[in-house]
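# Residue-level structural notes
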Amino acid sequence: MNNKADNSFYLLTDIHYVSKNKWVEGKPINNRERGDQIALKSSPEIFEAFTEKILADSEINTLVITGDNVDGGDVLSHEEFREKIRALKAAGKNVYITVATHDYCSTGEDECCFHSACRYTETGTEPIPFMRRNELFDFYREFGPDQALSVHDESGSYTVKIGEDLRLIAIVDNGNGRSHCGLFEDGVEWLKEQIAGAKEAGDYVLLAVHHPVIPPWDVYSHMVDYEMYGGYRELWNLMWDENVRVIFTGHTHVQNIRKLENDAGNWFVDVSTISLANAAGKMRKVTVDTETGMCDIKSVGIEVLPGTDTGGLSAYEYLYTRNFPGIVQRILPLASKDFDEFLKQAEGFLPVDKLAGKKFLVKRIANILMRRKLSSLIRFGRSGKLLSKEQKKYAKAVPLTDIIYEILRHIFTGNAPYTPDTVENIVLSAVCRRLDRLVEKLNVEKVKGMIPPGSSLNEMAQDFLYNTRTGDDDSITVQLIK
Ligand SMILES: [Fe+2]
Ligand SMILES: [Fe+2]
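### What to know about the overall build of the protein
Scanning the protein from terminus to terminus reveals 18 helices and 17 strands. Taking 482 residues into account, the globule formula puts the C-alpha radius of gyration at 23 Å, and the protein, at 23 Å, falls close to it. Dimensions along the principal axes, computed over C-alpha positions, put the protein at roughly 65 × 55 × 45 Å. A buried classification covers 44% of the 482 residues belonging to the protein. A fraction of 72% describes how many contacts in the protein between residues 6 or more apart in sequence connect residues 24 or more apart.

### As for the environment of Arg119
In this structure, Arg119 sits in strand 4 (residues 117-120). Residue class for Arg119 comes out partly exposed when judged on the 19 C-beta atoms lying within 10 Å of it. Those residues in contact with Arg119 that lie beyond four places of it in its chain are Lys22, Trp23, Thr125, Glu126 and Ile128.

### Quick look at the pairing of strand 2 (residues 62-66)
Of all 5 residues in strand 2, 5 are buried; the element is thus mostly enclosed. Residues Thr62, Val64 and Thr66 of strand 2 are buried on one face, and the alternating residues Leu63 and Ile65, pointing to the opposite face, are buried as well. Sheet analysis places strand 1 (residues 8-12) next to strand 2, joined by 3 bridges and oriented parallel. Paired with Tyr10 across the two strands is Leu63, which belongs to strand 2. Bridge count for strand 2 against strand 3 (residues 94-98) is 5 bridges, and the pairing is parallel. Its bridge partner lying in strand 3, Thr62 is registered against Asn94.

### Focus on the packing of helix 9 (residues 324-337) against helix 12 (residues 359-371)
Across the interface, helix 9 lies against helix 12 with an axial gap of 7 Å and an inter-helix angle of 115°. The chirality of how helix 9 crosses helix 12 is left-handed. Contact with helix 9, carried on its side by Leu332, Pro333, Ala335 and Ser336, involves Val362, Lys363, Ala366, Asn367, Leu369 and Met370 of helix 12 and no other residues of that element. When grouped by side-chain class, the residues that make up the contact of helix 9 with helix 12 number 7 nonpolar, 2 polar and 1 charged.

### A look at the sheet that holds strand 2
Ordered by their spatial adjacency, 6 strands build an open sheet running 3-2-1-15-16-17, and the pairing between neighbours is mixed. Only two strands of the sheet have a single neighbouring strand rather than two, namely strand 3 and strand 17 (476-479). Sheet twist, expressed as the average angle between the axes of neighbouring strands with direction ignored, equals 20°.

### Looking at the domain arrangement of the protein
By a frequent convention, interface size equals the accessible area lost on bringing the separate parts together. One can read the domain layout of the protein as domain 1 (4-308), domain 2 (323-362) and domain 3 (372-470). Using only C-alpha atoms to locate each centre, domain 2 and domain 3 end up separated by 24 Å. Across the side of domain 2 that touches domain 3, the residue classes break down as 4 nonpolar, 1 polar and no charged.

### A word on the sheet that holds strand 13 (residues 256-261)
The strand order across the open sheet built from 7 strands is 6-7-8-10-12-14-13, with neighbouring strands paired in mixed fashion. Where the open sheet ends on each side, the last strands, each with one partner, are strand 6 (150-151) and strand 13. As judged from the 5 bridges shared by strand 8 (residues 166-170) and strand 10 (residues 204-208), these two strands associate in the parallel manner. From the neighbouring strand, Ile169 faces strand 10, where its bridge partner is Leu207.

### With respect to unusual backbone geometry
Only a minority of non-glycine residues have a phi that is not negative, and only a minority of peptide bonds are not trans. Of note in this structure, His253 is not a glycine but carries a positive phi near 65°. If you trace the backbone, His253 turns up in the loop between strand 12 (246-249) and strand 13. By C-beta crowding, His253 is classed as buried, having 25 other C-beta atoms within 10 Å. A positive phi angle, close to 55°, is found at Arg382, a residue other than glycine. By the element assignment, Arg382 lies in the loop between helix 13 (378-381) and helix 14 (389-397).

How each quantity is defined
- Residues numbered from 1 in each chain as written.
- Chains lettered and ligands numbered in written order.
- Predicted model: local features only at pLDDT ≥ 70, side-chain atom pairs only at ≥ 80, totals over all residues.
- Helix = DSSP H or I, 4+ residues; strand = E, 2+ residues; numbered from the N terminus.
- Rg over C-alpha atoms; globule rule 2.2 N^0.38 Å.
- Buried ≥ 20, exposed ≤ 12 C-beta atoms within 10 Å, placed from the backbone.
- Contact = placed C-beta atoms within 7 Å.
- Pairing = 2+ DSSP bridges.
- Axes fitted to C-alpha atoms, helices over the stretch in contact; angles between N-to-C directions.
- Left-handed = near helix turned anticlockwise from the far one by under 90°.
- Nonpolar A, V, L, I, M, F, W, Y, C, P; charged D, E, K, R; others polar.
- Domains from an automatic or database assignment.

Structure follows, in structure tokens:
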């Protein structure tokens, strides 16, 4: 019988590690951080906090990292990051790594949009050496390829054994760097062979890849299909046909577990993990019982940031203000009260040049939002008859902005709280239904184009109001099949 620890691993993704030597305090790094909407400046402390947890857990010997290891392809951050994972290896952990499009800069041979790496000075940027795509394989080969049962030369993908009866196929899906982030033909054949090989050997198999295979919400693939794993529909068929039940992904920076079933009843789940550099970043803790084939997936976050004075705040509270929801929560009141400060704080995050000329409109919208309660939407959505007296009283007390912040907060962390029985869901769904009718009646082509076929604004909204997926974005147990 296997030792449980042998069939377990932690999975981290989108670390976006930024060396402290890559920036000095100033507008340029802060704008970059706001633009990326993750806590870039604290990425070393965040990674350290997670590695401390990993080192403290003697039960789990393996760590899988699925790309966007650094933020801007610079050699400096890569080298520092590699030293840290070498230390984990020296402490007895197996570390398996793949790379993604933030890990290199293009030299013009593909569509990757990063063309140079930079250091952020007080007033601007200066170029620093960057990693080329063809250098990444050798740079990280000690973390996966050197231990692999098989390596796919063209992509750098590989298969490793995790425990006696379990294999992980780590796919490197850099493709052409932008419009096709997937494997090419030869890679697809290699992947098929790897799955077949695992089955022949009697091993369970898990897949890991950077780009999403099932979109976190249908609107994602509808609007930005190129952000999906290139060839994802083909991969759906392969996973259904071969009964591969779990694929781990990143890239969206969203905590999300979604299941996809075909007409024959075959299914798999895409376990998308939030960026580690998000305020509420989490890693997955995966354990496979190879006696029964049960794959248990849980999530682990951090409470503190090593070496950082957070003024008594938790890591999440401290970092929250640097992420998209936290920024909105900070600048929305400013838009109504102090427009110049609003523009200052929004720099790097919103097109401030354009907004500066629309002071009156922006202030007015912010004022309306700041003053309104949830009840102000009841009339428009005609939801009064759906609510009890108590629920109406509640709606009168809840500021609309509280709901906006809460929805935004959960876009990345998953598990939004507004289930269909809540007043918030009843009122907002009614608003969306009314909007759906108006869009149809007035034939608003622009809005119609944003709605996935067969869906509606109301259906789209549900994905962001509560967990319409597998019920818990943090945890799932899946029966694997050999
Ligand atoms: Fe990322
Ligand atoms: Fe990415």
